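Read off the chains here:
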Amino acid sequence: MFRRLRRRVLRGILLAFILVLAWILSYSVIPVPGTFYMLAESGRQGQMVDYQWTPIERMSPHLARAVVAAEDANFCKHWGFDLGAIRSAISEGGNRGASTITQQTVKNAFLWHGRSWPRKALEALLTPVVELSWSKKRILEVYLNIAEFDEGVFGAEAAARHYFGVGPEDLTATQAARLAAILPSPKTRDAGNPGPFVRQRAAQIVDGAATIARDGRASCFED
């Protein structure tokens, strides 16, 4: 009986692994239709969230550079985990995050939000799979499409029109930097009417974006 039970458990684990792998591989080529978090936000607000998939080729290059400069400057150099950032976060007592864009993409696309250990463990397991099966450009494309920029506003297309009344392809360097500046806390920061902190942070991001373009740290997502 225990032998049969063990076989069934192992088959279940194998089936779950195959399904998750198929899910991850499918998102390497098809637009993400939505996420668990979008569904939760839609239910909480009682209306559909503002979300429209847009290929990265139809986004201003300023946006990709700004988000990488703000969120993960070594995006092109690591394999999903930035060990240097992790060591720095630990040395500072864990007062700042060290999640890479790949980790955030995994969380947003496949998991739920929150700081639970089960979610972090799944994130750690799935991050290398995504790095191995997706290109860096694809990881960034998915991230830019499903990141939250305001309450009920997801992705570059909705954010550009919500804050600036333009398509994502027309974002200026300053506008892109302001969008990147609100990403850590999109419900409490405003890219369209920025306060002093967002303005200062955006100015730093503009400089950082120019730096990673010059030193080659944008090469993995720019043609």
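Here's a quick rundown of the structure.

Basis of the calculations
Residues numbered from 1 in each chain as written. Predicted model: local features only at pLDDT ≥ 70, side-chain atom pairs only at ≥ 80, totals over all residues. Heavy atoms only, no water. Pairing = 2+ DSSP bridges. Helix = DSSP H or I, 4+ residues; strand = E, 2+ residues; numbered from the N terminus. Disulfide = S-S within 2.5 Å. Buried < 20%, exposed > 50% of the residue type's maximum accessible area, 1.4 Å probe, protein only. Contact = heavy atoms within 4.5 Å. Polar contact = N/O pair within 3.5 Å; in protein donor to acceptor, adjacent residues only side chain to side chain. Phe/Tyr/Trp six-rings, centres within 6.5 Å; stacked < 30°, edge-to-face > 60°. Salt bridge = Lys/Arg side-chain N within 4 Å of Asp/Glu carboxyl O. Patch = residues over 30% accessible without salt bridge, like charges linked within 9 Å, V, L, I, M, F, W, Y side chains within 5 Å. Areas by Shrake-Rupley, 256 points an atom, 1.4 Å probe, with all protein chains shown as cover. Lys, Arg positive; Asp, Glu negative; His and termini not counted. Charge placed at Lys NZ, Arg CZ, Asp CG, Glu CD.

### Some remarks on the sheet that holds strand S3 (residues 153–154)
- In spatial order, the strands read S1-S3-S2; together these three strands make up an open sheet with mixed pairing. The open sheet is flanked by strand S1 (50–51) and strand S2 (148–150), the only strands paired with a single partner.
- Across two bridges, the pairing between S2 and S3 is antiparallel. Looking across to S3, one finds that Asp-150 is bridged to Val-153.

### A closer look at the state of the cysteines
- Enumeration according to the criterion identifies one disulfide in this entry.
- Shown here is the disulfide that connects Cys-76 with Cys-220, its sulfur atoms set 2.0 Å apart. Where Cys-76 bonds to Cys-220 through sulfur, the torsion about that S-S bond is close to -75 degrees, and the disulfide is left-handed. Placement of the pair is Cys-76 in the loop between helix H3 (61–71) and helix H4 (83–91) and Cys-220 in the segment after helix H10 (196–214), with a sequence separation of 144 residues.

### Brief notes about helix H8 (residues 155–164)
- Within H8, eight of the 10 residues are buried, which leaves it mostly tucked inside the rest of the structure.
- Listing the buried residues of H8 in full gives Gly-155, Ala-156, Glu-157, Ala-158, Ala-159, Ala-160, Tyr-163 and Phe-164.
- For H8, the secondary structure elements touched by its buried residues are S1, H3, helix H7 (136–146), S2, S3 and helix H9 (173–182).
- At the C-terminal side of H8, Gly-165 shows a positive phi close to 70 degrees.

### Quick look at the side chain of Arg-138
- Within the secondary structure, Arg-138 sits in helix H7.
- In this structure Arg-138 comes out as buried when scored by relative accessible area, which is 9%.
- A polar contact is formed between the side chain of Arg-138 and the backbone oxygen of Tyr-27, at a distance of 2.7 Å.
- Once you skip the residues sitting within four places of it in the chain, Arg-138 turns out to touch Tyr-27, Ser-28, Val-29, Ile-30, Pro-31 and Trp-53.

### Things to note about the packing of aromatic side chains
- Considering all chains together, one arrives at nine aromatic pairs under this definition.
- Each ring, one from Trp-23 and one from Phe-36, has its centre 6.1 Å from the other, and the planes form 75 degrees; the classification is edge-to-face. Placement of the pair is Trp-23 in helix H1 (residues 2–26) and Phe-36 in helix H2 (residues 36–45), with a sequence separation of 13 residues.
- Owing to a relative accessible area of 28%, Trp-23 belongs among the partly exposed residues under this scheme.

### Thoughts on the pattern of salt bridges
- Per the stated rule, a full pass over the model turns up 13 salt bridges.
- Close ionic contact of Arg-161 with Glu-157 constitutes a salt bridge, the shortest N to O distance being 2.6 Å. In this pair, Arg-161 and Glu-157 are both assigned in helix H8, four residues apart and thus about one turn of the helix distant.
- Classification of Arg-161 as partly exposed rests on a relative accessible area of 44%.
- Classification of Glu-157 by relative accessible area gives buried; the value is 4%.
- Salt bridges here are not isolated pairs; linked through shared partners, they connect Glu-41, Arg-44, Glu-148, Glu-151 and Lys-187.

### With respect to a nonpolar patch on the surface
- There is a patch of nonpolar side chains on the surface, built from Phe-2, Leu-5, Val-9, Leu-10 and Ile-13 and spanning about 540 Å² of accessible area.
- Residue placement: Leu-10 occurs in helix H1.

### Quick look at a positive patch on the surface
- A cluster of basic residues, Arg-3, Arg-4, Arg-6, Arg-7, Arg-8 and Arg-11, forms a positive patch at the surface.
- Along the chain, Arg-7 falls in helix H1.

### Looking at the environment of Val-68
- One can find Val-68 in helix H3.
- Through-space distance from the C-alpha of Val-68 to that of Gly-192 is 20 Å; in sequence the pair is 124 residues apart.

### Here's the deal with the environment of Gly-155
- Within the fold, Gly-155 resides in helix H8.
- Expressed as a C-alpha distance, the spacing of Gly-155 and Thr-188, which sit 33 residues apart in the sequence, is 17 Å.
- If we skip the residues at most four places from it in the chain, Gly-155 touches Leu-144, Asn-145, Ile-146, Ala-147 and Phe-149.

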